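Inside the fold
What follows is each chain in one-letter form.
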Amino acid sequence: MKADRSFGAVVLAAGTSRRFGSPKQLAVVDGRTLLEHVIGAARAAHLEPVVVVVPVWLSRPAGLDDKSVHWVRNPFPERGMSLSLRLGLGALGPDTSAALILLGDQPGIQAATITAVVGASGKRPMVAASADGVLAPPVLIERTHFHLVDELSGDVGLRHLLRGNPDLVTTVPVPAHPADIDTPQDLGRLSDP
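Described below are features of the structure shown in this document. This structure is a prediction, so every number in the text was calculated from the model and none was measured. (Residues numbered from 1 in each chain as written. Predicted model: local features only at pLDDT ≥ 70, side-chain atom pairs only at ≥ 80, totals over all residues. Heavy atoms only, no water.)

Turning to the overall build of the protein, a few remarks are in order. When its secondary structure is counted, the protein shows five helices and nine strands. Listing each helix as α and each strand as β along the protein from the N terminus yields β-β-β-α-β-β-α-β-α-β-β-α-β-α. Against the globule reference of 16 Å for 193 residues, the protein gives a C-alpha radius of gyration of 15 Å, in line with a compact fold. Counting only C-alpha atoms and orienting by the principal axes, one finds that the protein spans roughly 40 × 35 × 30 Å. Out of the 193 residues belonging to the protein, those deemed buried represent 53%. Pairs at least 24 apart in sequence give 69% of the contacts found in the protein among residues at least 6 apart. Averaging the locations of the 18 positively and 19 negatively charged side chains of the protein gives two centres separated by 2 Å. (Helix = DSSP H or I, 4+ residues; strand = E, 2+ residues; numbered from the N terminus. Rg over C-alpha atoms; globule rule 2.2 N^0.38 Å. Buried < 20%, exposed > 50% of the residue type's maximum accessible area, 1.4 Å probe, protein only. Contact = heavy atoms within 4.5 Å. Lys, Arg positive; Asp, Glu negative; His and termini not counted. Charge placed at Lys NZ, Arg CZ, Asp CG, Glu CD.)

So, in C-alpha cells, the structure goes:
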C-alpha cells in the first residue's frame, strides 16, 4: 500500500441471481462461499474497510460475521449495478483515498492482482486490470472521481466509465480476468478438477 493513503474495497454482490436460480453469493466452491473468496482476497491485499453490497433479502453468511466487513443492503437490486456502486462508495469513510471495486461472483480473484492495481494508482484517477485488451475489475477509483458514478444508471458499472474516459485510466496487464459465476454450469466448471 502507498504511504499516507487508505484503500478500501467495495464488493458488488447485490445481483438477483436470476440465471443462477438461487442466491449465488452463497454458492460454495472449495468449501467457501463465493463472497468468502472475494472478501478473503480483499483482506489478503490489506484493503480496509471492506464494504459488501448485498440485496436486502440476503442473509449474512455464517462464515462472514467478522466486524471488519461492513454490510450495505441494497433495497432495490433490480435497479442494477449503478445503485450498488453508489451505495458502496457512500459507505466508505472520509479517510478512504480510493476504492477497489470487486465483483462478488468472481471467486478466482487473486490478492496479487488487487495489489498490482493498487500499485499503479496515483497517475490517473482510475486503474483497471486489462487482459487481451478488455478492461474489467478489479477497478480502482480515486475519491476525487467518485462523483463519476452519479452519471451511471441502471445495470451499468464502471466498464462504461472506463470506455468513455480512457484518458482517466491507467491499465495493469493481467494474464486473464477471473471467471464470473452466473449459472450453476459456471460453478460446475469452476469446481471440476
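Alright, that's what it looks like, and here's the rest.
We now examine the environment of Thr 183. Turning to its location among the elements, Thr 183 is positioned in the loop between strand E9 (169-173) and helix H5 (184-191). In the structure, Thr 183 is positioned 18 residues away from Asn 165 in sequence and 32 Å away in space, judged by C-alpha atoms.

On to the side chain of Ser 84. Within the secondary structure layout, Ser 84 lies in helix H2 (residues 81-90). Within polar-contact distance, the side chain of Ser 84 engages the side chain of Asn 74 at 2.9 Å. Ignoring sequence-local partners within four residues, the contact set of Ser 84 consists of Leu 12, Ala 14, Val 53 and Asn 74. (Polar contact = N/O pair within 3.5 Å; in protein donor to acceptor, adjacent residues only side chain to side chain.)

On to the pairing of strand E8 (residues 134-142), then. Across the nine residues of E8, seven count as buried, placing the element largely inside the fold. Strand direction decides the pairing type here: strand E6 (residues 98-103) and E8, joined by four bridges, are antiparallel. If you follow Ala 99 over to E8, its bridge partner there is Ile 141. Two elements, strand E7 (residues 126-131) and E8, share six bridges in a ladder whose sense is antiparallel. Note that in E8 the partner of Ser 130 across the bridge is Leu 135. With antiparallel pairing between neighbouring strands as the criterion, E7 and E8 make up a hairpin whose turn holds two residues, including Asp 132 at a positive phi of roughly 55 degrees. (Pairing = 2+ DSSP bridges.)

Moving on, we come to H2. Listed in full, the buried residues belonging to H2 are Ser 82, Leu 83, Ser 84, Leu 85, Gly 88 and Leu 89. Among the structural elements, strand E1 (7-12), strand E4 (50-55), strand E5 (69-74), E6, E8 and helix H4 (158-164) are those in contact with the buried residues of H2.

Moving on, we get to helix H3 (residues 111-119). For H3, the set of buried residues is Ala 111, Thr 113, Ile 114, Val 117 and Val 118. In an axial view of H3, the angular spread of the buried residues amounts to 160 degrees, which keeps them on one side of the axis. Residues of H3 that are buried make contact with E1, helix H1 (34-44), E6, E7, E8 and E9. (Arc of directions from axis to C-beta.)

Pro 49 follows Glu 48 through a cis peptide bond whose omega is 5 degrees. Backbone torsion omega between Pro 137 and Pro 138 reads 5 degrees, so that peptide bond is classified as cis. Within the secondary structure, Pro 138 sits in strand E8. Of note in the backbone geometry, Asp 30 takes a positive phi value of approximately 55 degrees without being a glycine. Take Asp 30: it is sitting in the loop between strand E2 (28-29) and strand E3 (32-33). Residue Asp 132 is not a glycine yet carries a positive backbone phi of 55 degrees. With respect to the element layout, Asp 132 can be found in the loop between E7 and E8.

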